[in-house]
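Each chain is listed here by its residues.
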Amino acid sequence: GGYQLTGVTTLSGDYNYSKVSFGEQDAQSGGVNIPLFSTTGHTGSTTISTQISARDTVGATATMSHFIQEDSSGSRGSGSFTTITESLNWSRLWTQQLNTSLSGGGTLRLPVGSAIPGQSSKLQVVPFVAAAMTYSSFAEGFRAAGSSLRGPFDGLPSLAGSLNPGGIVAPGAYTVMMSYRFSLFPSFAFGAGPLKTHIVGINATAGITPKLSGLVGANYSHGTQSSPSTTFDTIGLTVGANYLLGPVLASLTYNWLFFSREADS
């Protein structure tokens, strides 16, 4: 939700509930059973933004997250942690095609007291950084390629509005976004608790026909955890398409994920 305080200042807020569940598993890696941690997350944030010029918008964001983690086998107890993040934000429209955004601040991981070995932790402070560069333009090649593609529903009239607005890009238009983020994120494998995570990615969307848009993306994540001392690396690739059936947006996405881990002996 949001509210426009003045002609140039907007206050917005959001809440997100997420849950990742793992059943009991027997997978082994090198003869070692891999614990998987089901995670429930609650995240709320509020942002105030002020447009200070025709090209620049500045503001601040406050975010509070609480994660509850439990071993899928139920034999290793449970863990939870809470983070508070404060950041200053700046976005700039350099041209009609190029836009950048930058956020910087800090994240507090609140201390946790527990009688379970390895579950208690002290106050932790880490920096928070997020940056993105977005380029949007138009390519005649995309529109020409799309003009020769006819789907079974292309001849049907479109209803005003969509159940998922913004999911279809105009034919020939495309957007490419490069992004980077450093923050705390829950670990789902080997050990519960937060990871210090670097994530870089490039994602693109393009309009092919008035009802069909395509998307492709690649992301790399590098995470470190102090207890136990562990390093995680993940590479993800995504391809997909969005197709508009009247007011309903149908999406088909394929994800490929490569995961590796190193631990101190």
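Cut-offs applied
Residues numbered from 1 in each chain as written. Predicted model: local features only at pLDDT ≥ 70, side-chain atom pairs only at ≥ 80, totals over all residues. Heavy atoms only, no water. Patch = residues over 30% accessible without salt bridge, like charges linked within 9 Å, V, L, I, M, F, W, Y side chains within 5 Å. Areas by Shrake-Rupley, 256 points an atom, 1.4 Å probe, with all protein chains shown as cover. Salt bridge = Lys/Arg side-chain N within 4 Å of Asp/Glu carboxyl O. Helix = DSSP H or I, 4+ residues; strand = E, 2+ residues; numbered from the N terminus. Buried < 20%, exposed > 50% of the residue type's maximum accessible area, 1.4 Å probe, protein only. Contact = heavy atoms within 4.5 Å. Polar contact = N/O pair within 3.5 Å; in protein donor to acceptor, adjacent residues only side chain to side chain. Pairing = 2+ DSSP bridges. pLDDT = per-residue confidence, 0-100.

Chemist: Requested: an account of a nonpolar patch on the surface, with residues and values cited.
Modeler: A cluster of nonpolar residues, Val200, Val216, Tyr220, Ile235, Leu237, Val239, Tyr254, Trp256 and Phe258, forms a patch on the protein surface that exposes about 820 Å² of accessible area. Those elements that provide at least two residues to the nonpolar patch are strand S12 (212–226), strand S13 (229–245) and strand S14 (248–263). Among the structural elements, Tyr254 can be located in strand S14. Given the relative accessible area of 53%, Tyr254 is considered exposed.

Chemist: Before we move on, could you go through the environment of Thr61 and cite the residues and values that matter?
Modeler: Counting through the fold element by element, Thr61 comes out in strand S6 (residues 56–71). Residue classification places Thr61 among the buried residues on the basis of a relative accessible area of 14%. Separated by 24 residues in the primary sequence, Thr61 and Thr85 place their C-alpha atoms 7.9 Å from one another. The contact partners of Thr61, leaving out residues within four places of it in the chain, are Ser45, Thr46, Thr47, Thr85, Glu86, Ser87 and Asn89. At 2.7 Å, the side chain of Thr61 forms a polar contact with the side chain of Asn89.

Chemist: Account for the pattern of salt bridges, naming residues and giving values.
Modeler: A full pass over the atoms with the stated rule returns 1 salt bridge. The shortest N-O distance in the salt bridge between Arg92 and Asp56 comes to 2.6 Å. Of this pair, Arg92 sits in strand S7 (residues 78–93) while Asp56 sits in strand S6, and the two are 36 residues apart along the sequence.

Chemist: An account of the pairing of S12 is needed here, citing residue identities and associated values.
Modeler: Relative to S12, strand S11 (residues 194–209) runs antiparallel, the two being bridged by 13 bridges. Directly across from Lys196, in S12, lies its bridge partner Thr224. Where S11 hands over to S12, the hairpin turn is made up of 2 residues, counted between the paired strands. As judged from the 15 bridges shared by S12 and S13, these two strands associate in the antiparallel manner. Across the sheet, Gly223 pairs through a bridge with Phe232, a residue of S13.

Chemist: So what about the confidence of the model for the protein chain? Which residues, and what values?
Modeler: For the protein chain, the mean per-residue pLDDT works out to 83, and 79% of the residues sit at or above 70. Within the protein chain, strand S8 (residues 98–109) carries the highest mean pLDDT (96), whereas strand S3 (residues 28–29) carries the lowest (56). For residues 158–165, every residue scores under 50 in pLDDT, and the model assigns this stretch 9 contacts once sequence neighbours within four places are set aside.

Chemist: Describe the side chain of Asn89, listing the residues and the values that go with them.
Modeler: Relative to the helices and strands, Asn89 resides in strand S7. Given a relative accessible area of 18%, Asn89 falls into the buried group. A distance of 3.3 Å separates a polar atom in the side chain of Asn89 from a polar atom in the side chain of Ser87.

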